[in-house]
Amino acid sequence: MKKNENTLIQVNQMGMGHGNDELGLKLIGNYFKIQVEDNHLPRFIVFYNSGVKLICQGSPVIEILKVIESKGVKLLACKTCLDFYQLTDKIEVGVAGSMHDIVSLQANADKVITL
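Given the structure is predicted, the values throughout are model-derived calculations rather than measurements.

S.K.: In this structure, what is going on with the state of the cysteines? I would like to understand it.
M.R.: Taken as a whole and assessed by the stated rule, the structure comprises 0 disulfides. Just so you know, cysteine 56 is unpaired, no disulfide at all, and the nearest cysteine sulfur is the one on cysteine 81, 11 Å from it. Taking relative accessible area as the criterion, cysteine 56 reaches 2% and is therefore assigned buried.

Next up, the structure:
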């Protein structure tokens, strides 16, 4: 597997880009699918703010995130954000972590991509 060992992707909203929400969800789904197809996987993907909704029940991208996780990518969601949106018991993929975890991952990454 070709993996960008020191790359961290941050997802800080439920979708990709600003504008139409439906389009944003389609774009992020396509982005994740292309990562798998092209075998360009980061080491970590962190989710915060409304981005945590993507790892929970009802997410339109949950299946592709399960595939990404099965390929060894670590998925981490901000526990404070999960609590805020009352989603802590609805996680389907990844794990909850602290802001300390996210800051540490950012500090140690060679490359940080924010979607």
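The rest of the description comes next.
S.K.: What is the right way to read the packing of helix H1 (residues 21-38) against helix H2 (residues 62-70) from this model?
M.R.: Each pair of packed helices can be described by the angle between their axes along with the distance between the axes. For the pair H1 and H2, the least separation of the axes is 10 Å and the interaxial angle reads 30 degrees. Between H1 and H2, the crossing angle belongs to the class labelled roughly parallel. As for how H1 packs across H2, the hand of that crossing is left-handed. In this structure, H1 uses Phe32, Lys33, Gln35 and Val36 to contact H2, whose residues at the interface are Ile64, Leu65, Val67 and Ile68. Partitioning the contact of H1 with H2 into residue classes produces 6 nonpolar, 1 polar and 1 charged.

S.K.: Can you walk me through H2 in this structure?
M.R.: For the α-helix, the turn length of 3.6 residues means that residues three or four positions removed from each other point alike. Among all positions in H2, only Ile62, Ile64, Leu65 and Ile68 are buried. Taken down its axis, H2 places every buried residue within 160 degrees of arc, on the same side. Those residues of H2 that are exposed and aimed more than 90 degrees away from the buried face are Glu63 and Ser70. Buried residues belonging to H2 abut H1, strand S2 (41-47) and strand S3 (74-78). Two residues or fewer past H2, glycine 72 is found with a positive phi of approximately 100 degrees.

S.K.: I would appreciate a short explanation of the pattern of salt bridges in the present structure.
M.R.: Taken as a whole and judged by the stated rule, the model has 4 salt bridges. In this structure, the salt-bridge partner of aspartate 89 is lysine 90, at a minimum N-O distance of 4.0 Å. Judged by relative accessible area, aspartate 89 falls into the exposed class, the value being 61%. Given the relative accessible area of 31%, lysine 90 is considered partly exposed. Taken together, the shared-partner salt bridges in this structure form one network comprising Glu63, Lys66 and Glu92.

S.K.: Which parts of the structure should I look at to understand the pairing of S3?
M.R.: Here is the key point about a regular strand: its side chains alternate between the two faces of the sheet. The buried fraction of S3 amounts to 4 of the 5 residues, a majority that puts the element mostly inside the structure. Of the pairings in the sheet, the one linking S2 to S3 comprises 4 bridges and is parallel in character. Bridging across to S3, isoleucine 45 finds its partner in leucine 75. As a crossover connection, the stretch from S3 through helix H3 (residues 79-84) into strand S4 (residues 95-97) is right-handed.

S.K.: Quick question: what am I supposed to make of the nonpolar core here?
M.R.: Within soluble globular proteins, side chains that are nonpolar tend to cluster in buried spots. With 34 residues, the main nonpolar core has Val11, Phe32, Ile45, Phe47, Leu65, Ile68 and Leu75 as its most contacted residues. Counting only elements with at least two residues in this core, the list comes to strand S1 (3-11), H1, S2, H2, S3, H3 and helix H4 (99-108). Discounting residues that sit within four places of it in the chain, valine 11 has contacts with Ile28, Phe32, Ile45, Val46, Phe47, Tyr48, Gly51, Leu54 and Leu115.

Conventions and cut-offs
- Residues numbered from 1 in each chain as written.
- Predicted model: local features only at pLDDT ≥ 70, side-chain atom pairs only at ≥ 80, totals over all residues.
- Heavy atoms only, no water.
- Disulfide = S-S within 2.5 Å.
- Buried < 20%, exposed > 50% of the residue type's maximum accessible area, 1.4 Å probe, protein only.
- Axes fitted to C-alpha atoms, helices over the stretch in contact; angles between N-to-C directions.
- Helix = DSSP H or I, 4+ residues; strand = E, 2+ residues; numbered from the N terminus.
- Parallel < 35°, antiparallel > 145°, perpendicular 65-115°, else oblique.
- Left-handed = near helix turned anticlockwise from the far one by under 90°.
- Contact = heavy atoms within 4.5 Å.
- Nonpolar A, V, L, I, M, F, W, Y, C, P; charged D, E, K, R; others polar.
- Arc of directions from axis to C-beta.
- Salt bridge = Lys/Arg side-chain N within 4 Å of Asp/Glu carboxyl O.
- Pairing = 2+ DSSP bridges.
- Right-handed = clockwise from strand over helix to strand, strands pointing away.
- Core = buried A, V, L, I, M, F, W, Y, C linked by side-chain atoms within 4.5 Å.

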